[in-house]
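Fold and geometry: a report
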Amino acid sequence: MSSARAFKYLPPRVADHIRGLGISARRPMQGGIQGLHRSPDFGASVEFAEYRDYIEGDAPNLIDWSVYAKTDRYMIRRFQDETSLRACVLVDASASLNYRQTGPVTKFEYACSLAAGLMYLLVCQGDAAALSFFTDKMTQRFEPVASTETLSPILLEMEKVEPKGAGDIEKSLHEAAEMLKQRSLVIVISDLLQPPAQLARGIQHLQHNRHDVTLFHVLDAAEIALPMHGLVELRDLESTEKLLIEADEIRPRYAQAVQGYLAEVSRICTACGAHYFTVETRTPMVEALAKRANLF
Amino acid sequence: MPLFLSHPAVAWLLPAIALPILFHLFFRLRRTVQDFPSLMFFLRIDPRLSAKRKIREWLILLLRCLFIALLILALARPLLGLKGAGGNVARLVLIDNSGSMAATTTAGLAKLNLAERATGKLIAAQRKGDALAVQLMIPDPTSTLPHGFDAVPAVLQDSVSKSTPSDGGASVPKAIRLALATLGTAITAQRELHIITDLQQKNWSRGDLGAEAQAPNVRVIIHRLESAPVTTGSVSLEPLESPARAIPAGRIVPVRVALQNHGPAAAHVRLNTSDDSGKNLSRTVEVAPNASSLITLTFSFGNPGFHWAQAWVEGDVASTANRVALGFWCIDAQKVLFIGTKNDFAALPYAVAPGGNADLSGIDAVFTPADQLIASLATKPLAVVFTWDNWPQDGATSQALQDYVKKGGTLFLVPVPDTGVTISRLAAAWLGASAGAMQTPKDAEPLLLLQDGDAIWHDLRNGEGRPTLGSLRIFQYRPLKTGAEWQILATSAQGSPLLVRRNFEQGRIFASGLAFSPKWSSLPLKAGFVVLVQNALFGEQIGSVPVRLMKAAEEFHFDLTGEQATVKSLAGSALDWQGAARNFPGFPRTGVYEIKQRDHVNWVATSGNADEAVPDFLPLAPVPLLHNLPHDVVALVHEEDLAQTDFAQRSGLSLYRWLLLTALLVLLVETWLANERSSDLGRKLFRSLLPSLASRKSISGKARELTKV
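Quantities reported herein were computed from a predicted structural model and do not represent experimental measurements. (Residues numbered from 1 in each chain as written. Chains lettered and ligands numbered in written order. Predicted model: local features only at pLDDT ≥ 70, side-chain atom pairs only at ≥ 80, totals over all residues. Heavy atoms only, no water.)

Focus on empty space enclosed by the protein
All names here are of chain B.
- Taken as a whole and judged by the stated rule, the model has 3 cavities of 30 Å³ or more.
- Empty space within the largest cavity amounts to approximately 160 Å³.
- In terms of lining residues, the largest cavity is bounded by 20 residues, among which Leu499, Ser512, Phe516, Leu523 and Leu532 are the most central.
- Mapped by element, the contributors of at least two residues to the lining of the largest cavity are strand 26 (497-504), strand 27 (507-512) and helix 11 (528-538).
- Sort the elements by how many residues they give to the lining of the largest cavity and helix 11 lands first, with 4 residues.
- Of the residues assigned to the lining of the largest cavity, the class counts are 19 nonpolar, 1 polar and no charged. (1 Å grid on protein atoms, 1.4 Å probe; cavity = no way out; pocket = protein on both sides within 12 Å on 5 of 7 lines; lining within 4 Å. Points joined across faces, edges and corners; volume = space filled by probe spheres on them. Helix = DSSP H or I, 4+ residues; strand = E, 2+ residues; numbered from the N terminus. Nonpolar A, V, L, I, M, F, W, Y, C, P; charged D, E, K, R; others polar.)

Right, here's the structure in full:
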């Protein structure tokens, strides 16, 4: 980053560490400029794609004369086009992310850091990255940026966002699917606190629109381990509903329920062809980003 | 079914039941409150978590409270009253033996007689293990009733049958307090107090039971005897005025008595009197209904010492309320020496001896020349009266006078009424007083009486306690000059002392600046003048007469409480009692009694209580006097009624063991429930006990959605 200001969600130390990482998409992308990613179109790369018969109107310099010499046919050699990709990072800003128990930061702060890191990676490799916050709908949207200079204002704006309100991931994903007209890499960063069936519908909508979907499931370790003891009155961050529990008594069954839920979400994502990663707020940012970056 | 607590004091611990609730609330406040991203996993696990826990918490809490309550109740040793059940009971029968109980019931039987018979039935019906005691509402020294609950039934039966009505009014609150105290000594937990009474209104409206009279575990039953309606006169007799001082022998003593008719019809009765000399008199008296008649009885006793007299009404229904006994303390006929001639003392000799001799007052006025004073003093006169102008100038006479006063004599110094003499002779220095020159104010001055509480004003005080002799005026006087040892009893309006007194060793000296002549003041013209002079002569003897007049059954205290005493009746109700003075029950009946303690002898004369003749009775309803003592009032018409009431309420079932057992059971369940979460067996049992809870599904919206997934 050339900016002199240290961003909250992208400290220089993290930026330096992740600069070498790269992010790619599973599906061919349609970018506006030449890039690193496979395009569904043919172009002028070094990667051979196919041969086809010469058609009148084709430029004669495209004829593979070696093939003509062997087969007496005018064949044209075609190469895979490489393009840049458009990515859209969707960050859950519902109140449930405003939770911190065992990690160094809240889930929302971690999600923002993750989003900033991903966007930085994308920009660094010449792709365009957009950012949106959602709760039960899209609440804030930033247009795609393709350079670190244009990324900086977004990083600054991110710092002003506060998580609040009830979340509805399915609805937000439907809205995102309708909003994105071009094939994109859609990265959803959320605590995914919604019944898996609803979640699946949202992902399927994005997949159906040929987007490449990646889900980062941000969790605080306390959500899995339930480290409190004795009589505890829990207050739901989104609904303010209260529940009195005996933590020690309920812990095993709770952990079992959470693990079952995570497995269910993972299964759904696999079925939908989406990438799914669970990250705890204690996980170092580089490590979390590397999970996605080293995928291909 | 009534519940009685054997140890009711333990019930004060009942507020401890709240302790588990307080602890619960305390620890409930200590629970941690924490934000959490979502409750959906908890609801997915077991949406009934909270409700189930709450139910168990409250169940445990309830069991803890129940355990404490049962434990406290068990320690209080409760007894459940069961009809017809077994069990022992301690009963105390309190018989009203006041004067009104001598009257008859509607059945024509004396009320006390019916009470005795009913008590007899109760004694006969005792079961093995029962305890029974009988007390009289008015303690009777002639009664042979045994104390406490250990009496042999036959002895008790016999003693009860010999009870006779008293002549006094009962102190109901005191009697009930005593009865409750006696019941408190019973070893059986079930206790009953049976009060057999006619509920005579005067008796049952007097005094206050007090808040401290508690009767835990005691069932109080008042058996009301139905009194026969009074259609004739009902006359009471009571003395209004009686002599409070020693009476010189031979003096005629007037005693005013009041006959009051409380009945609805006129009373034609005979009033009889008798005295210890055998003089008996009788007269017919007619008293209109609800009216009273005042009669003055006169007595005279020729010899010094104690004398008594009696008066009673014959031919009336209220026989216990119309008897009067009187006691008199007579002394020898006295004489007062007047040194000089009769004219020197104006009206004073007439106030000393109103009839001119000792016939009326028992005091004779003797005039003696000054030179015979020493010889006359040998006859121990009651008092010696000198004039200021006639004071002896020789030392021997003065010394003799001084010795006379020192030994208890009374000396009077008065001016000579003759106005021509204005300069008195010099009085002896030991007197410490002298009379000044005559003063004649232009206008008559009032005479002011001082020292309100002094014995000289006895019988001369008004309702406010101030001495009054009517409008007293002084026309001339000789102001007295006295030392500090003199007490001023009367002064002029200008403050000049006119009547003073001083004590001189055992005797007293009165000095007057007024001659008792109408020319000097209006005092001799007043009716109270004679009383004043008599008071001055007898002085401190008033009230020290060893005779006490009181009403029957009134509280009596001996002079020497800690000593042994002997009480014998001289007239009236027979009594011969001996014992520690503090144990003497009192005088329940009319009579004259001689009391001996060491070498002291006193006399008591008691009269009936006029209230007992009032034929008003409380109805068959709760008694206001016992407003803070739960009780039942039942009619006692036949002697069997008492026994029937008793057996209906015999109680027996002790709940101690049952409560203790239940408490232990509750403790067991509580322990199991409190540890239920760590015990599989407990959980299974819990679920088997509350299957509906265990199988109930969530109604929570989120939970329902999760279940679908």
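More follows now that the structure is in view.
Some thoughts on the environment of Thr468(B)
Residues and elements named next belong to chain B.
- Checked against the element boundaries, Thr468 lands in the loop between strand 22 (448-449) and strand 23 (473-474).
- In this structure, the C-alpha to C-alpha distance between Thr468 and Asp452, residues 16 residues apart in sequence, is 9.6 Å.
- Look past the residues within four positions of Thr468 in its chain and what remains in contact with it is Leu449, Leu460, Arg461 and Asn462. (Contact = heavy atoms within 4.5 Å.)

Some details on the nonpolar core
- Core analysis: the biggest nonpolar cluster contains 50 residues, and Leu90(A), Ile203(A), Leu215(A) and Phe42(B) have the highest contact counts within it.
- Core analysis: the next-biggest nonpolar cluster, separate from the first, contains 49 residues, Ile363(B), Leu447(B), Ile474(B) and Ala536(B) among them. (Core = buried A, V, L, I, M, F, W, Y, C linked by side-chain atoms within 4.5 Å. Buried < 20%, exposed > 50% of the residue type's maximum accessible area, 1.4 Å probe, protein only.)

Observations regarding the side chain of His307(B)
Residue and element names in this part refer to chain B.
- Here His307 is to be found in strand 14 (residues 305-314).
- Since its relative accessible area comes to 10%, His307 is described here as buried.
- Separated by 2.9 Å, the side chains of His307 and Asp276 make a polar contact.
- Excluding anything up to four places from it in sequence, His307 contacts Asp276, Phe301, Leu326, Gly327, Phe328 and Cys330. (Polar contact = N/O pair within 3.5 Å; in protein donor to acceptor, adjacent residues only side chain to side chain.)

A short note on the environment of Ala49(A)
Residues and elements named next belong to chain A.
- Note that Ala49 resides in strand 1 (residues 34-53).
- For Ala49, a relative accessible area of 27% gives the class partly exposed.
- Counting along the chain gives 31 residues from Ala49 to Gln80, while the straight-line C-alpha distance between them is 5.1 Å.

Quick look at the packing of helix 6 (residues 196-208) of chain A against helix 8 (residues 247-272) of chain A
Residues and elements named next belong to chain A.
- At a minimum axis separation of 10 Å, helix 6 and helix 8 run at an interaxial angle of 20°. Of the possible angle classes, the one that applies to helix 6 and helix 8 is roughly parallel. Where helix 6 crosses over helix 8, the two elements pack in a sense that is right-handed. Contact with helix 6, carried on its side by Pro196, Ala197, Leu199, Ala200, Ile203, Gln204 and Gln207, involves Tyr261, Glu264, Val265, Ile268, Cys269 and Cys272 of helix 8 and no other residues of that element.
- Looking at the contact of helix 6 with helix 8 residue by residue, the classes come out as 10 nonpolar, 2 polar and 1 charged. (Axes fitted to C-alpha atoms, helices over the stretch in contact; angles between N-to-C directions. Parallel < 35°, antiparallel > 145°, perpendicular 65-115°, else oblique. Left-handed = near helix turned anticlockwise from the far one by under 90°.)

Remarks on the layout of surface pockets
All names here are of chain B.
- Quantified by volume, the largest pocket comes out at close to 1200 Å³.
- Around the largest pocket, the lining comprises 42 residues; the ones closest to its centre are Ile138, Pro139, Lys174, Leu178 and Pro585.
- Contributions of two or more residues to the lining of the largest pocket are made by strand 5 (131-136) and helix 6 (172-183).
- When its residues are assigned to classes, the lining of the largest pocket shows 22 nonpolar, 12 polar and 8 charged.

Focus on the side chain of Asp220(A)
Residue and element names in this part refer to chain A.
- Here Asp220 lies in the loop between strand 7 (212-219) and helix 7 (221-225).
- Arg100 provides the closest opposite charge to the buried, salt-bridge-free Asp220, at an N-O distance of 6.5 Å.
- Among the polar contacts made by the side chain of Asp220, one reaches the main-chain amide nitrogen of Gln101 at a distance of 2.9 Å.
- Here Thr102 takes part through its side chain, which lies 2.7 Å from a polar atom of the side chain of Asp220.
- Sequence-distant contacts of Asp220, that is, excluding residues within four places in its chain, are made with Tyr99, Arg100, Gln101, Thr102, Gly103, Lys107 and Thr281. (Lys, Arg positive; Asp, Glu negative; His and termini not counted. Salt bridge = Lys/Arg side-chain N within 4 Å of Asp/Glu carboxyl O.)

Quick notes on unusual backbone geometry
- One non-glycine residue, Arg210(A), lies in positive phi territory at about 65°.
- By the element assignment, Arg210(A) lies in the loop between helix 6 and strand 7.
- For Leu199(B), which is not glycine, the phi torsion reads 55° and is therefore positive.
- Structurally, the position occupied by Leu199(B) is in the loop between strand 6 (190-197) and strand 7 (218-225).
- Accessibility expressed as a relative area gives 0% for Leu199(B), which makes it buried.

Quick look at the sheet that holds strand 26 of chain B
All names here are of chain B.
- Strand order in this open sheet of 8 strands is 17-16-18-19-27-26-25-22, and the pairing throughout is mixed. A strand with exactly one partner marks an edge of an open sheet, and here the two such strands are strand 17 (363-368) and strand 22.
- In this structure, strand 18 (residues 383-387) lies alongside strand 19 (residues 410-414), joined through 5 bridges in parallel fashion. The residue of strand 19 that forms the bridge with Val385 is Phe412. (Pairing = 2+ DSSP bridges.)

With respect to the sheet that holds strand 11 (residues 267-275) of chain B
Residues and elements named next belong to chain B.
- Spatially, 5 strands are ordered 9-15-14-11-12 in an open sheet, and the strand pairing comes out mixed. Edge positions in the open sheet fall to strand 9 (247-248) and strand 12 (280-287), since each of these has one partner strand only.
- Bridge count for strand 11 against strand 12 is 8 bridges, and the pairing is antiparallel. Directly across from Thr273, in strand 12, lies its bridge partner Leu281.

Brief notes about the pairing of strand 26 of chain B
Residues and elements named next belong to chain B.
- Among the 8 residues of strand 26, 7 are classified as buried, and the element is accordingly described as predominantly covered.
- The antiparallel hairpin formed by strand 25 (residues 487-491) and strand 26 contains 5 residues in its connecting segment, where Gly495 sits at a positive phi of about 95°.
- Taken together, the 6 bridges between strand 26 and strand 27 define a ladder with antiparallel strand orientation. Within the sheet, the bridge partner assigned to Leu499 lies in strand 27 and is Ser512.
- Counted along the chain from strand 26 to the antiparallel partner strand 27, the turn is 2 residues long, and its residue Glu505 has a positive phi close to 50°.

As for the packing of helix 4 (residues 111-124) of chain B against helix 5 (residues 153-161) of chain B
Residues and elements named next belong to chain B.
- Put simply, helix 4 and helix 5 touch, their axes get as near as 9 Å, and they point 175° apart. What the angle tells us is that helix 4 and helix 5 run roughly antiparallel. Here Glu116, Thr119, Gly120, Ile123 and Ala124 of helix 4 lie close against helix 5, whose contacting residues are Pro153, Leu156, Gln157, Val160 and Ser161.
- Each residue belonging to the contact of helix 4 with helix 5 can be placed in one class, and the counts come to 5 nonpolar, 4 polar and 1 charged.

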